[in-house]
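# Descriptive analysis of the structure
Listed below, chain by chain, are the residues.
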Amino acid sequence: MLKITKYGAIDIGSNAVRLLVANVIEENDKDPQFKKSSLVRVPIRLGADAFVSGTISTENTDRIIDAMKAFKLIMKVHGVERYKACATSAMREATNGKEVVKMILKESEVDIDIIDGKKEAAIISSTDLNQLIESDSTYLYVDVGGGSTEFTLFSRGKIVNSKSFKIGTVRLINNKKSDNKIIFKKVQYWIEENTKNYKRITLIGSGGNINKIFKMSGREQGKPISYIYLNAQYQFLKKMTYKERISELGLNPDRADVIVPATKIYLSAMKWSGARKIFVPKIGLSDGIIKSLYLNKL
């Protein structure tokens, strides 16, 4: 017997807001399949508000209400049966975050959960990473967002430790250089301490920026990127101006600035863990929300 259920996941991040619609296909005596049906991304940069002024602006509140109304209609057209909306660091750090969530609920009927870094890492870890992770190997999973980065260390198929740091791309752009140095030092200490007893660590990278770099590399899905290649790309991107990244590389305006600090985070994690390659599966928070909904963990 074949059963197909449509699920929706809304990820309200610091750099963008996303809606993922997925089909969950169930068949007797087979593992369920999770197939992406639609992905909509809206560049509402909440982090530029939250990390600078400490509040979500009226303009961005109106924009996110409109986005949620649109997402509700898209889910209706797709016939989505269940959905979940989660907001991360920008909304949880904004002093008016809870107030904005109430306004969104009132205007669009979309109920949003503001989740902490630990829950964010747990949701992402519930994705189909097991298809990539070999039982006898060690991996450092790095999910770079606009406001925070989640690090999860896997060894022999199990989570050893995980930590969320306030080291997102939008935050790095808006922070003072001295503040960024301090947070990078904390991340370095955590990675070195947690990986020192393991040999041959491989990175798994998640997030829009590493997906873009992987796409630009022209590699086949499932093939890793080397540290040497990623470092060369970082030096290349860093030398270009913001306008050149848009006009010559065809990057979206809201990607052209954050791709540089994002690449620096992945490179640093590789350097401090000793990893020589990074795998880039197409997974993120929205995929984790779909999987967690299916498993009734949300």
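For the structure, see preceding data.
Residues numbered from 1 in each chain as written. Predicted model: local features only at pLDDT ≥ 70, side-chain atom pairs only at ≥ 80, totals over all residues. Heavy atoms only, no water.

### Details of the overall build of the protein chain
Summing up its helical and strand segments, the protein chain has 13 helices and 11 strands in all. In terms of its C-alpha atoms, the protein chain occupies a principal-axis envelope of roughly 50 × 45 × 35 Å. Each of the 298 residues in the protein chain was classed as buried or not, and the buried ones make up 52%. The long-range fraction of contacts in the protein chain, counting pairs at least 24 apart against all pairs at least 6 apart in sequence, stands at 66%. For the protein chain, the computed accessible surface area is about 14900 Å², with 49% contributed by carbon and sulfur atoms. Separation of charge centres in the protein chain, based on 49 positive and 32 negative side chains, amounts to 6 Å. (Helix = DSSP H or I, 4+ residues; strand = E, 2+ residues; numbered from the N terminus. Buried < 20%, exposed > 50% of the residue type's maximum accessible area, 1.4 Å probe, protein only. Contact = heavy atoms within 4.5 Å. Areas by Shrake-Rupley, 256 points an atom, 1.4 Å probe, with all protein chains shown as cover. Lys, Arg positive; Asp, Glu negative; His and termini not counted. Charge placed at Lys NZ, Arg CZ, Asp CG, Glu CD.)

### What to know about the nonpolar core
As a rule of thumb, nonpolar side chains are buried together in soluble globular proteins. Membership of the largest hydrophobic core comes to 37 residues, with the highest contact counts inside it found for Leu 140 and Phe 151. Looking at this core, the elements with two or more residues in it are strand S6 (138–144), strand S7 (149–155), helix H7 (177–195), strand S9 (201–206), helix H8 (208–217), helix H9 (227–239) and helix H12 (259–273). Broken down by element, the residue count for this core peaks at 9 residues, all from H12. Among all residues touching Phe 151, those that are not within four sequence positions of it are Leu 140, Tyr 141, Val 142, Asn 161, Ser 162, Lys 163, Phe 165, Val 187, Trp 190, Ile 191, Ile 265 and Ala 269. Counting 29 residues, the second-largest nonpolar core is a separate cluster that includes Val 17, Ala 90, Val 110 and Ile 112. (Core = buried A, V, L, I, M, F, W, Y, C linked by side-chain atoms within 4.5 Å.)

### Here we look at a negative patch on the surface
Where like charges cluster on the molecular surface, the negative patch consists of Glu 59, Asp 62, Asp 66 and Glu 107. No other element matches the 3 residues that helix H2 (residues 58–78) contributes to the negative patch. Note that Glu 107 resides in helix H4 (residues 97–108). (Patch = residues over 30% accessible without salt bridge, like charges linked within 9 Å, V, L, I, M, F, W, Y side chains within 5 Å. Salt bridge = Lys/Arg side-chain N within 4 Å of Asp/Glu carboxyl O.)

### Comments concerning the packing of helix H5 (residues 117–125) against helix H13 (residues 285–294)
Orientation of H5 relative to H13, taken along the N-to-C sense of each, is 75°, at an axis distance of 7 Å. Compared by their axis directions, H5 and H13 come out roughly perpendicular. On H13, the residues that touch Glu 120, Ile 123 and Ile 124 of H5 are Leu 285, Gly 288, Ile 289 and Ser 292. (Axes fitted to C-alpha atoms, helices over the stretch in contact; angles between N-to-C directions. Parallel < 35°, antiparallel > 145°, perpendicular 65-115°, else oblique.)

### Some details on the pairing of S7
Most of S7 sits out of view: 7 of its 7 residues are buried. Side-chain alternation along S7 places Thr 149, Phe 151, Leu 153 and Ser 155 on one buried face and Glu 150, Thr 152 and Phe 154 on a second face that is also buried. Sheet topology note: the S6/S7 ladder contains 7 bridges and is antiparallel. Its bridge partner being in S7, Leu 140 is matched across the sheet by Leu 153. Between S6 and the antiparallel strand that follows it, S7, lie 4 residues. Pairing geometry for S7 and strand S8 (residues 158–165), over 7 bridges, is antiparallel. Within the sheet, the bridge partner assigned to Thr 152 lies in S8 and is Ser 162. Between S7 and S8, which follow one another and run antiparallel, lie 2 residues, and Arg 156 among them has a positive phi close to 50°. (Pairing = 2+ DSSP bridges.)

### Overview of the sheet that holds strand S10 (residues 225–226)
In space, the 6 strands of this open sheet follow the order S8-S7-S6-S9-S11-S10, with mixed pairing throughout. With partners counted over all chains shown, the strands left at the sheet margins are S8 and S10, one partner each. Sheet strands in contact with H5 are S6, S7 and S8, and its direction is about 50° off that of S7. Sheet strands touched by H7: S6, S7, S8 and S9. Its angle to S8, the strand with the most contacts, is close to 170°.

### Comments concerning the pattern of salt bridges
A complete count under the given rule lists 10 salt bridges for this structure. For Lys 72, the salt bridge identified is with Glu 109, shortest N-O distance 3.6 Å. Of this pair, Lys 72 sits in helix H2 while Glu 109 sits in the loop between H4 and strand S5 (112–114), placing them 37 residues apart in sequence. Given the relative accessible area of 27%, Lys 72 is considered partly exposed. Relative accessible area serves as the criterion here: at 57%, Glu 109 is assigned to the exposed category.

The values are spatial; any link to function lies outside them.
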